[in-house]
Amino acid sequence: MEDLILSLLSQNIVLILGAIFLIIVVLKGVRIVPQSEKHVVERFGRLHSVLGPGINFVVPFLDVVRHQISILERQLPNATQDAITKDNVLVQIDTSVFYRILEPEKTVYRIRDVDGAIATTVAGIVRAEIGKMDLDEVQSNRASLIASIQAMVETAVDDWGIEVTRAEILDVNLDQATRDAMLQQLNAERARRAQVTEAEGQKRAVELQADAELYAAEQSAKARRIEAEAEAYATGVVAEAIKNNGIEAAQYQVALKQVESLNALGNGEGKQTIVLPAAAIEAFGDAFKLLKG
């Protein structure tokens, strides 16, 4: 039985080897690439193609997958670099960069350490941009500064087949002396604003007081004008009566005023005894006679 098996194997050894070789060729010729990767294929040491996600076919033994590149978004480690602003203030900038590889063939054959190259590029651009701005502009215009840095980094790394998806300035740190100076400046600014607010309040109070006095004067003038108009009207009525009735009307008015004055004098509180000159008594008597007449 063993001799039979050996004889069969010896007769079909070529077929068996051919089948094995065929299986190896099929396995070598079919490449399955994950969704998150791209494979760089070389033929005879030169770039031949880039395999995308899914099933791909290559020439066995001629085509070799040299690089398997992840196309997922990556984040560089947070970096801190010193920079000097336009007004000669030393600051420490914490930055973070996110990128992803779009063209692996450029990344593989044009740059050796892509992370280090991007980090160096970002550091240089950040220092250059910070040097164009004052410290106050760096603090207040951080969004525009980030957009400018990202645009410049994208231009710089375009030849490497890389897309910079986001660049962030995480923090702007100052030394202690600068912080103390800024605190003093902030306190002085707050004191100035408080003085301005107080002065504006006093000015407003003076304006309101002047408006109130002007309003009071206007109302007093209106009252005097009304009184004068009433007095003029009464005088006109008396003058008309005198004109129509003669001197008797004038005497009647004088006598009426005298009697009213006497009544007011007698009705005063705490005045039981009234001393009058004789001429006043005679004048009052004449007034009563005129009223009776």
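Before reading on, note that the structure itself is shown above.
Read on for an overview of the structure. As the structure is a prediction and not an experimental result, all values here were calculated from the model.

What to know about the overall build of the chain
For the chain, the helix and strand inventory stands at 8 helices and 9 strands. Taking all 293 residues of the chain together, 22% fall into the buried category. Of the contacts formed within the chain by residues at least 6 apart in sequence, a portion of 64% connects residues at least 24 apart. As displayed, the chain offers around 20,400 Å² of accessible surface, 57% of which is attributable to carbon and sulfur atoms.

Notes on the environment of Thr-121
Looking at the secondary structure, you find Thr-121 in helix α3 (residues 114–130). Exposure remark for Thr-121: the relative accessible area of 18% places this residue in the buried category. Residues Thr-121 and Met-152, spaced 31 residues apart in sequence, show a C-alpha to C-alpha distance of 9.3 Å. Sequence-distant contacts of Thr-121, defined by excluding residues within four places in its chain, comprise Ala-156 and Trp-160.

Details of the nonpolar core
Val-91, Ile-93, Ile-118 and Ile-130 are the most contacted members of the largest nonpolar core, which totals 32 residues. Counting only elements with at least two residues in this core, the list comes to β8 (90–101), α3, α4 (135–140), α5 (142–156) and β9 (162–174). Excluding its chain neighbours within four sequence positions, the residues that come into contact with Ile-93 are Ala-79, Thr-80, Gln-81, Ala-83, Val-126, Ile-130, Ile-169, Asp-171 and Val-172.

Considerations on α5
For α5, spanning 15 residues, the distance from its first C-alpha to its last is 21 Å, which sits close to the expected 21 Å at 1.5 Å a residue. Taken together, the buried residues of α5 touch α3, α4 and β9.

A word on the sheet that holds strand β3 (residues 46–51)
Spatial ordering of the open sheet is given by β3-β2-β5, a layout of 3 strands whose pairing is antiparallel. A single partner strand is all that each edge strand has here, and the edge strands are β3 and β5 (63–70). Taking the axes of each pair of neighbouring strands and ignoring which way they run, one obtains an average angle of 30° across the sheet. In this structure, strand β2 (residues 37–43) lies alongside β3, joined through 5 bridges in antiparallel fashion. Within the sheet, the bridge partner assigned to Val-40 lies in β3 and is Val-50.

What counts, and where the lines are drawn
Residues numbered from 1 in each chain as written. Predicted model: local features only at pLDDT ≥ 70, side-chain atom pairs only at ≥ 80, totals over all residues. Heavy atoms only, no water. Helix = DSSP H or I, 4+ residues; strand = E, 2+ residues; numbered from the N terminus. Buried < 20%, exposed > 50% of the residue type's maximum accessible area, 1.4 Å probe, protein only. Contact = heavy atoms within 4.5 Å. Areas by Shrake-Rupley, 256 points an atom, 1.4 Å probe, with all protein chains shown as cover. Core = buried A, V, L, I, M, F, W, Y, C linked by side-chain atoms within 4.5 Å. Expected span 1.5 Å × (residues − 1). Pairing = 2+ DSSP bridges. Axes fitted to C-alpha atoms, helices over the stretch in contact; angles between N-to-C directions.

Read these as spatial facts, not as claims about activity.
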